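Single-letter residue listing:
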Amino acid sequence: MNSKDNDILIHAESGVMTITFNRVEKKNSISSAMYATMADALVEAEKSSVVRVVVFQGHEAVFSAGNDIGDFLNGPPATEESPVYRFLHAISTFPKPVLASVCGPAVGIGTTMLFHCDLVYAGDNAAFSMPFVNLGLCPEAASSLLVPQMMGYHRAAEALLLGEPFMAEAALEVGLVNRVLPPLEANNYAQAIAKKLAAKPLSSLVETKRLMKKGLATTVRAQMSEEGTSFGRMLREPAAKEAFGAFLEKRKPDFTQM
Ligand code: COA
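Before we go on, may I ask you to explain the pairing of strand β2 (residues 16-21) in this structure?
Walk down a regular strand and you will see the side chains alternate between the two sheet faces. Where burial is concerned, most of β2 is hidden: 6 out of the 6 residues are buried. Pairing analysis gives 6 bridges linking strand β1 (residues 8-13) to β2, with the strands arranged antiparallel. Across the sheet, the residue bridging to I10 is I19, located in β2. In textbook terms, the turn of a hairpin is the stretch between consecutive antiparallel strands, and for β1 and β2 this stretch comprises 2 residues, one of which, S14, has a positive phi near 50°. Taking the sense of rotation as the criterion, the β-α-β connection linking β2, helix α1 (residues 32-47) and strand β3 (residues 53-57) turns out right-handed.

Written out as structure tokens, the structure reads:
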């Protein structure tokens, strides 16, 4: 496994659990061990009588480059029990408030996980991208449902078919982020909001979140499952093999024959 024990840092204080991507040298790309750690942390946080709010954060220069490509190729997610799917299930059904502070690149799941957060703060250097098509894949994390819903179809098509990055101001405009800040302030700002939430009655927070989300909960789950089936199949097909091979060999992919 391409992962050290401290690639994900977990810290709980004053009712706030902070989950930090701490693998900057690999652009905070996420291995299956890291997904497992985050999934377990969310399960614990849900049960905990102490944790009231969860915050995801990265480094001021990078949030996450998404799936660790080498790790993904070595151990593609095979079942719903795979760490990545356990993580997606945990974050998408998490009953308490979830915040994210995003600076620098947020690629693939680095962006799609944000659709399952309640409040998102971004550094003005944040660059969001969902390059699934460029990798010979299809969207995950119910992003094929939630992106068009949030951004409107045509902007979603730009983000998901072209897969090009969009910056913090554009993300603010479409409602993906709540506020844009200088990168060095984003994590502190998210912590301040988390503390504010942690001081509110948890039962009201949980019930309000449940009521806001319940209309889509079943559809989100079904979409995620259908995406997972397609994603798993496409991962074994020539386009993804070419895209991932090209990334590892540091060359441009050639899709002209597929
Ligand atoms: N998986 C595995 N390793 C990754 C990675 C990923 N998703 N993203 C970056 N890395 C590694 C690079 O291989 C490189 O490792 P090396 O120093 O051993 O060569 C290191 O992180 C630095 O990456 P680099 O590409 O040089 O940084 P950059 O600042 O030029 O670009 C990104 C940053 C995030 C834009 C770029 O790394 C990128 O596009 N990564 C791939 C994103 C992606 O396709 N994710 C998969 C989504 S399913």
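Looking at this model, I keep getting lost on helix α6 (residues 153-162). Mind explaining?
Each α-helix turn comprises 3.6 residues. Residues three or four places apart therefore point the same way. Within α6 the residues assigned to the buried category are A156, A157, A159 and L160. Contact partners of the buried residues in α6: α5 (143-151) and β8 (166-167).

Would you mind going over the site of the ligand with me for this structure?
Near the ligand the following residues occur: E25, K26, K27, S29, A65, N67, D68, I69, V107, L135, F247 and K250. With respect to the ligand, the side chain of K26 contributes an N or O atom lying 2.5 Å from an oxygen atom. Here a nitrogen atom of the ligand sits 2.8 Å away from a polar atom, N or O, in the main chain of A65. Coverage of the ligand by the protein chains reaches 64% of its 870 Å² of free accessible surface. Of the residues belonging to the shell around the ligand, the class tally is 5 nonpolar, 2 polar and 5 charged.

Here is what the cut-offs are and how they apply
- Residues numbered from 1 in each chain as written.
- Predicted model: local features only at pLDDT ≥ 70, side-chain atom pairs only at ≥ 80, totals over all residues.
- Heavy atoms only, no water.
- Buried < 20%, exposed > 50% of the residue type's maximum accessible area, 1.4 Å probe, protein only.
- Helix = DSSP H or I, 4+ residues; strand = E, 2+ residues; numbered from the N terminus.
- Pairing = 2+ DSSP bridges.
- Right-handed = clockwise from strand over helix to strand, strands pointing away.
- Contact = heavy atoms within 4.5 Å.
- Near = heavy atom within 4 Å.
- Polar contact = N/O pair within 3.5 Å; in protein donor to acceptor, adjacent residues only side chain to side chain.
- Areas by Shrake-Rupley, 256 points an atom, 1.4 Å probe, with all protein chains shown as cover.
- Nonpolar A, V, L, I, M, F, W, Y, C, P; charged D, E, K, R; others polar.

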